[in-house]
Amino acid sequence: NGIRLARQVDALPEELRLDPAPWHAMDVETALLRLDSSTEGLTWQQARARLPEPVPEPGAMLHFLDAVMAELGGPLVPVLLAGAGLSALTGALLDAGLIGAVVAINGMVGGIQRYRTEQQLRSLDHQERRKVRCLRDRQEVALEPDALVPGDVILLEAGEVVPADCRLLEGNHLEMDESSLTGESLPVAKRVRPSYSVTLADRSSMLYEGTVVAVGEAKALVVARKDVSESRRAHYLQPPARSGVESRLDSLTALTLPVAAFSGIGVMISG
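This one's a predicted model, so the numbers in the text were calculated from it and none came from an experiment.

**Q** Which parts of the structure should I look at to understand the pairing of strand E3 (residues 153-157)?
**A** By the criterion of burial, E3 is predominantly enclosed, with four of the five residues buried. Across three bridges, the pairing between strand E1 (residues 132-136) and E3 is antiparallel. Residue pairing for E3: Cys 134 is matched across the bridge by Ile 154. Pairing between E3 and strand E7 (residues 212-224): five bridges, direction antiparallel. Residue pairing for E7: Glu 157 is matched across the bridge by Glu 217.

**Q** Help me understand helix H5 (residues 76-89), please; the structure alone is not making it clear to me.
**A** The periodicity of an α-helix, 3.6 residues per turn, causes residues three or four places apart in sequence to face the same way. In a regular helix each residue adds 1.5 Å, so 14 residues correspond to 20 Å; H5 covers 20 Å between its end C-alpha atoms and thus fits that length. When H5 is considered as a whole, its buried residues turn out to be Val 77, Ala 84 and Ser 87. When H5 is viewed along its axis, its buried side chains cluster within an angular range of 85° and face the same direction. At the exit of H5 stands Gly 91, carrying a positive phi of roughly 95°.

**Q** Whenever I open this one, unusual backbone geometry confuses me. Can you help?
**A** Working note: non-glycine residues mostly have negative phi, and peptide bonds are mostly trans. Not every positive phi belongs to a glycine, and Asp 137 is a case in point at roughly 55°. Here Asp 137 lies in the loop between E1 and strand E2 (139-143). At Arg 138, a residue that is not glycine, the phi angle is positive and equals roughly 65°. Tracing the backbone shows Arg 138 in the loop between E1 and E2.

**Q** Explanation requested: the nonpolar core in the structure shown.
**A** Looking at soluble globular proteins, one finds that nonpolar side chains tend to be buried together. Among the nonpolar cores identified, the biggest contains 17 residues, and Leu 148, Ile 154, Leu 156, Cys 166, Leu 174 and Leu 207 are the most heavily contacted of them. Breaking this core down by element, the ones donating at least two residues are E1, E3, strand E4 (165-177) and E7. Counting residues in each nonpolar core, the second largest holds 16 residues, with Met 26, Leu 135, Met 206 and Tyr 208 among its members.

**Q** Would you mind going over the pattern of salt bridges with me for this structure?
**A** Note that side chains of opposite charge can pair when their charged atoms are close. Across all of its chains, the model carries eight salt bridges by this definition. For Asp 36, the salt bridge is made with Arg 50, and the minimal N-O distance between the two is 4.0 Å. In this pair, Asp 36 sits in the loop between helix H2 (28-34) and helix H3 (44-50) while Arg 50 sits in helix H3, placing the two residues 14 residues apart along the sequence. Under the relative-accessibility criterion, Asp 36 is labelled exposed at 52%. For Arg 50, a relative accessible area of 26% puts it in the partly exposed group. One salt bridge connects Glu 118 with Arg 122, and the closest N-O pair in it is separated by 3.9 Å. Separated by four residues within a single helix, Glu 118 and Arg 122 lie in helix H6 (residues 93-128), roughly one turn from each other. Judged by relative accessible area, Arg 122 falls into the partly exposed class, the value being 37%.

The rules behind each value
Residues numbered from 1 in each chain as written. Predicted model: local features only at pLDDT ≥ 70, side-chain atom pairs only at ≥ 80, totals over all residues. Heavy atoms only, no water. Buried < 20%, exposed > 50% of the residue type's maximum accessible area, 1.4 Å probe, protein only. Helix = DSSP H or I, 4+ residues; strand = E, 2+ residues; numbered from the N terminus. Pairing = 2+ DSSP bridges. Expected span 1.5 Å × (residues − 1). Arc of directions from axis to C-beta. Core = buried A, V, L, I, M, F, W, Y, C linked by side-chain atoms within 4.5 Å. Salt bridge = Lys/Arg side-chain N within 4 Å of Asp/Glu carboxyl O.

Below is the structure:
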């Protein structure tokens, strides 16, 4: 389990370890020049050249094994396995087998439930995806969000979700709902002129992935997508949220584990 957790240290994409470009502080011309784009968007040839190499998706078996390992990563599993090992050392092979079987069955059942839940969530996410209006070869086309590349120019209107981090090129009475990213409950007005704020909530020249157009229309330049967007950076950099039950279980385990360990050692020493 320690090795499995240690592998997550490298989960942060390489791009996130570098300082991002200050797109919010650039004027429109500088941002377009840096991405070798224009207000009319990219050509199909430019877009194809900028698409990253497709990453093969792990198979269903790997997804299932990850779900089982996540279930076996609970704080009580090492305690139970240690108890099974001590039982085997003292000759109580039946007790050790029963404990091991319970842990294995619990991991399998929990893994199946987790795997099915994740499959349903992926299916719902795929169904809810909406195509994005994008300018390619000076024509408006509808694309999947995954087909966007840095330098693309997209069109947004009220009710639409921003598919990537964008530098605003044109705005018509534009206000954004950024509560999913910044926690701000009121719509935020956006402007084309550069913004020099160090906080995301005050960068009025940027549109961020996952936020929603509350009012108005926008024409925006894609500057970051997927793992290098601000919302994904926040997801990777912040510690995973834990429920109250998990926190309480961790504290109880930290309290009872030493007591159980010393008690077991005392019983073995006493014969």
